[in-house]
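These are the residues of each chain, in order.
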Amino acid sequence: NACKADLGRGAFWSNHLLVVGRADGAPATSAAERKQLLEGNEGKWPVSWSPDGKFVLYVTNNNRTSNDIWVLLRDGSGSPYPYLHTAASENWAAFSPDGKWVVFSAADSNSGQPEVFVAPFPAPTKRFRISADGGSQARWRKDGKEILYLAPNRMLMSAEIVMDASGVTVKDYEPLFELQHPYGAYHAFDMSPDAQRFLVNTLVVNRDRRGVIAALH
């Protein structure tokens, strides 16, 4: 698994090591230019860079609290610390474009269904629910005014948000299209910064046969 803040930086987990690329954003052309920051037998999956390149959000998994979200300092100057470490199985974290917020999914305390939330960074002192009826894999539009996420019925949803001193509120929802990803909910989509173009993970059985990848609504 890997995450990128731009074309130069990258982070990945391989052979029990979490490795990041060059701090200046230039492509790492050799193993010597990559920095190993974490080591261990537990999986650690990097999911998001902060816009300034100083922090990496990564997800861990254990038998007691399931998935948790941790923060790693890119320069290795401090120990990793938990951003969200509860029994709610937090996952799919992504920094906001200004780096002041994190969108993530976590199991709702009442229904147990994964929902999309936004919380401040570096400390999630409060959280604001974004999804209407379940959701995961949230992404920010580059201006921070829209969050897109995957609903349980495979519909890609758009949530127009307003952020002010009181927090984050959803102004409007819009269903965009239904995805046909092949298994589970692993990286079903990605999008351009302006949320106008999408990459969709889909299973192609016969390359010569046309099929529905995303159904517009």
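So, how was this worked out
Residues numbered from 1 in each chain as written. Predicted model: local features only at pLDDT ≥ 70, side-chain atom pairs only at ≥ 80, totals over all residues. Heavy atoms only, no water. Phe/Tyr/Trp six-rings, centres within 6.5 Å; stacked < 30°, edge-to-face > 60°. Helix = DSSP H or I, 4+ residues; strand = E, 2+ residues; numbered from the N terminus. Buried < 20%, exposed > 50% of the residue type's maximum accessible area, 1.4 Å probe, protein only. Lys NZ or Arg CZ within 6 Å of the ring centre and 35° of its normal. Core = buried A, V, L, I, M, F, W, Y, C linked by side-chain atoms within 4.5 Å. Contact = heavy atoms within 4.5 Å. Salt bridge = Lys/Arg side-chain N within 4 Å of Asp/Glu carboxyl O. Pairing = 2+ DSSP bridges. Axes fitted to C-alpha atoms, helices over the stretch in contact; angles between N-to-C directions. Polar contact = N/O pair within 3.5 Å; in protein donor to acceptor, adjacent residues only side chain to side chain.

Trainee: Just give me the short version of the packing of aromatic side chains, but keep the residues and values in it.
Mentor: One pair of aromatic rings is described through two measures. These are the centre distance and the angle between the planes. Under the criterion given, the structure shown has six aromatic pairs. Seen in terms of ring centroids, F177 and F198 are 5.3 Å apart; in terms of plane orientation they differ by 80°. Their pairing is edge-to-face. In this pair, F177 sits in strand β16 (residues 167-179) while F198 sits in strand β18 (residues 198-200), placing the two residues 21 residues apart along the sequence. Given a relative accessible area of 8%, F177 falls into the buried group. Feature note: the residues F55, Y83, F95 and F121 constitute an aromatic cluster, connected by ring pairs. A cation over an aromatic ring shows up here: R127 above the ring of F117, its NZ or CZ 5.1 Å from the ring centre. Above the plane of the ring of F189 lies R139, whose end atom (NZ or CZ) is 5.0 Å from the centre.

Trainee: Lay out the nonpolar core in plain terms, naming residues and giving numbers.
Mentor: With 17 residues, the main nonpolar core has V103, V118, I130, W140, I147 and V168 as its most contacted residues. Those elements that provide at least two residues to this core are β10 (101-107), β11 (114-120), β13 (136-140), β14 (146-150) and β15 (155-164). The biggest single contributor to this core is β15, with four residues. With residues near it in sequence (within four places) discarded, I147 still touches V103, V118, I130, A138, R139, W140, M157, S158, A159 and I161. Ranked by size, the runner-up nonpolar core spans 15 residues in total, among them L84, F104, A119 and F121.

Trainee: Explain the environment of K171 residue by residue, including any values.
Mentor: Here K171 shows up in strand β16. Residue K171 is classed as exposed on the basis of its relative accessible area, which comes to 58%. For the pair K171 and I161, spaced 10 residues apart in sequence, the C-alpha separation works out to 5.3 Å. Contacts of K171, omitting those with residues within four sequence positions, involve E160, I161 and V162.

Trainee: How would you sum up the pattern of salt bridges? Please name residues and give values.
Mentor: In the structure shown here, the tally under the stated rule is five salt bridges. The partner of R139 in a salt bridge is D190, with the nearest N and O atoms 3.6 Å apart. With R139 in strand β13 and D190 in strand β17 (residues 189-191), this residue pair connects regions lying 51 residues apart in the sequence. R139 gets classed as buried once you look at its relative accessible area, which sits at 18%.

Trainee: Can you lay out the sheet that holds strand β6 (residues 55-62) for me, pointing to particular residues and giving the numbers?
Mentor: Across the sheet, four strands lie side by side as β5-β6-β7-β8; this open sheet has antiparallel pairing. Edge positions in the open sheet fall to β5 (44-49) and β8 (81-84), since each of these has one partner strand only. The mean inter-strand angle of the sheet, taken between neighbouring strand axes irrespective of direction, is 35°.

Trainee: Explain the environment of T60 residue by residue, including any values.
Mentor: Assignment of secondary structure puts T60 in strand β6. According to the relative accessible area criterion, T60 is buried, its value standing at 5%. Residues T60 and W70, 10 residues apart in the sequence, show an inter-C-alpha distance of 7.4 Å. When neighbours within four sequence positions are excluded, T60 is seen to be in contact with G43, K44, W45, S66, N67, D68 and W70. Only 3.5 Å separates the side chain of T60 from the side chain of W70, close enough to count as a polar contact.

Trainee: Tell me about the side chain of S50, and please be specific about residues and values.
Mentor: Its location among the elements puts S50 in the loop between β5 and β6. With a relative accessible area of 3%, S50 lands in the buried category. Side-chain polar atoms of S50 contact the side chain of D52, separated by 2.6 Å.

Trainee: Explain unusual backbone geometry residue by residue, including any values.
Mentor: Omega for the bond connecting F121 with P122 falls within 30 degrees of zero, at 20°, which places this linkage in the cis form. On the secondary structure map, P122 appears in the loop between β11 and β12 (128-129). Its identity is not glycine, yet S89 carries a phi of approximately 55°, on the positive side. Checked against the element boundaries, S89 lands in the loop between β8 and β9 (91-95). Residue S89 is classed as partly exposed on the basis of its relative accessible area, which comes to 26%. A positive phi is found at W92, a non-glycine position, where the angle reads about 55°. Following the sequence through the fold, W92 ends up in strand β9.

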